[in-house]
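Structure assessment
These are the residues of each chain, in order.
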Amino acid sequence: GRGGVSNAGGGLVQGGPGRPATKPGALPFLGFTQFPGRTRKGAGHIGRTPSVKSRERFVAKDAEWLRLNRHGSVWDHQARLTKALNGFYQYFGLRLCLSQLGGGRQRVQKVWQKTLRRRSQRGRRTTDWATLHAKPWFQLPQPHLTPTWV
């Protein structure tokens, strides 16, 4: 592979300049990074967290939509991003994934702020970003976990 190093188990450990290597035994599958672990009682367990690649793909898709609909209503932006984030939470909302879900929400908010700044020449200097988060149209859903029986 490109920039990969084989570990003792024969699996590929992704990494390179500026990128941390994944844990030995970590396996990307269906958007999750699956890794061996232990429960509190010591039994074997497979932990799952959203892979960075799947999260960045999700953010890039939303960024592209925001770029194409930059001058639309902020209420339309909020409705679309809320729907997308809720779908992201439903798919990736497993145990051990809450911090990664919060990271996805934070990345989407940053992309949205950047899009709003690019709407006009005055947007950079007249927008108080501290009060923007208090606006009702800028609220995005908080991360939540999906019930385990799903």
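Our subject is the structure listed above.
Here we look at the layout of surface pockets
Here the second largest pocket defines a volume of roughly 190 Å³. Around the second largest pocket, the lining residues are S54, R57, F58, K61, D62, R80, A84, G87, F88 and F92. At the level of secondary structure, the elements contributing two or more residues to the lining of the second largest pocket comprise α1 (52–68) and α2 (74–92). Residues that form the lining of the second largest pocket fall into these classes: four nonpolar, two polar and four charged.

Observations regarding the packing of aromatic side chains
With the rule as written, the count across this model stands at nine aromatic pairs. In textbook terms, an aromatic cluster arises when at least three aromatic residues are bridged by ring pairs, as seen for F32, F58, F88, Y89, Y91 and F92.

Quick look at the pairing of strand β4 (residues 32–38)
Of the strand pairs in this sheet, strand β3 (residues 27–29) and β4 are connected by three bridges, and their pairing is antiparallel. Within the sheet, the bridge partner assigned to P28 lies in β4 and is T33. The hairpin formed by β3 and β4 contains two residues between the paired strands, and L30 there has a positive phi angle of roughly 55 degrees. The pairing of β4 with strand β5 (residues 44–50) spans seven bridges and is antiparallel. Of the residues in β5, the one forming a bridge with P36 is I46. The turn joining β4 and β5, which pair antiparallel and follow one another in sequence, is formed by five residues; a positive phi near 95 degrees is taken by G42.

Concerning the packing of α2 against helix α3 (residues 98–117)
Packing of α2 against α3 brings their axes to within 11 Å, and their N-to-C directions diverge by 160 degrees. Considering the angle they form, α2 stands roughly antiparallel to α3. In this structure, α2 crosses over α3, and the sense of that crossing is right-handed. Contact residues: V74, H77, Q78, L81, L85, F88, Y89 and F92 in α2; L101, G104, R105, V108, W112 and L116 in α3. Per-class residue counts for the contact of α2 with α3 are 10 nonpolar, three polar and one charged.

Considerations on α3
Over its 20 residues, α3 extends 29 Å from the first C-alpha to the last, a length consistent with the 28 Å expected when each residue adds 1.5 Å. Looking at α3, one finds that the buried residues are L101, G103, G104, R105, V108, Q109, V111, W112, Q113, T115 and L116. At its buried positions, α3 is contacted by α1, α2 and α5 (129–132).

Some thoughts on the environment of R70
The topology assignment puts R70 in the loop between α1 and α2. Separated by 48 residues in the primary sequence, R70 and R118 have C-alpha atoms spaced 8.1 Å apart. Once residues lying within four places of it in the same chain are set aside, the contact partners of R70 are H77, T115, R118 and R119.

A look at the sheet that holds β4
The three strands are arranged β3-β4-β5 in an open sheet whose pairing can be described as antiparallel. For this open sheet the edge positions go to β3 and β5, each flanked by a neighbour on one side alone. Taken pair by pair, the neighbouring strands of this sheet meet at an average axis angle of 40 degrees, ignoring direction.

Some words on the side chain of S51
Mapped onto the fold, S51 is located in the loop between β5 and α1. Relative accessible area serves as the criterion here: at 12%, S51 is assigned to the buried category. For S51, the contacting residues outside a window of four places in its chain are G31, F32 and T33.

Cut-offs used in this document
- Residues numbered from 1 in each chain as written.
- Predicted model: local features only at pLDDT ≥ 70, side-chain atom pairs only at ≥ 80, totals over all residues.
- Heavy atoms only, no water.
- 1 Å grid on protein atoms, 1.4 Å probe; cavity = no way out; pocket = protein on both sides within 12 Å on 5 of 7 lines; lining within 4 Å.
- Points joined across faces, edges and corners; volume = space filled by probe spheres on them.
- Helix = DSSP H or I, 4+ residues; strand = E, 2+ residues; numbered from the N terminus.
- Nonpolar A, V, L, I, M, F, W, Y, C, P; charged D, E, K, R; others polar.
- Phe/Tyr/Trp six-rings, centres within 6.5 Å; stacked < 30°, edge-to-face > 60°.
- Pairing = 2+ DSSP bridges.
- Axes fitted to C-alpha atoms, helices over the stretch in contact; angles between N-to-C directions.
- Parallel < 35°, antiparallel > 145°, perpendicular 65-115°, else oblique.
- Left-handed = near helix turned anticlockwise from the far one by under 90°.
- Contact = heavy atoms within 4.5 Å.
- Expected span 1.5 Å × (residues − 1).
- Buried < 20%, exposed > 50% of the residue type's maximum accessible area, 1.4 Å probe, protein only.

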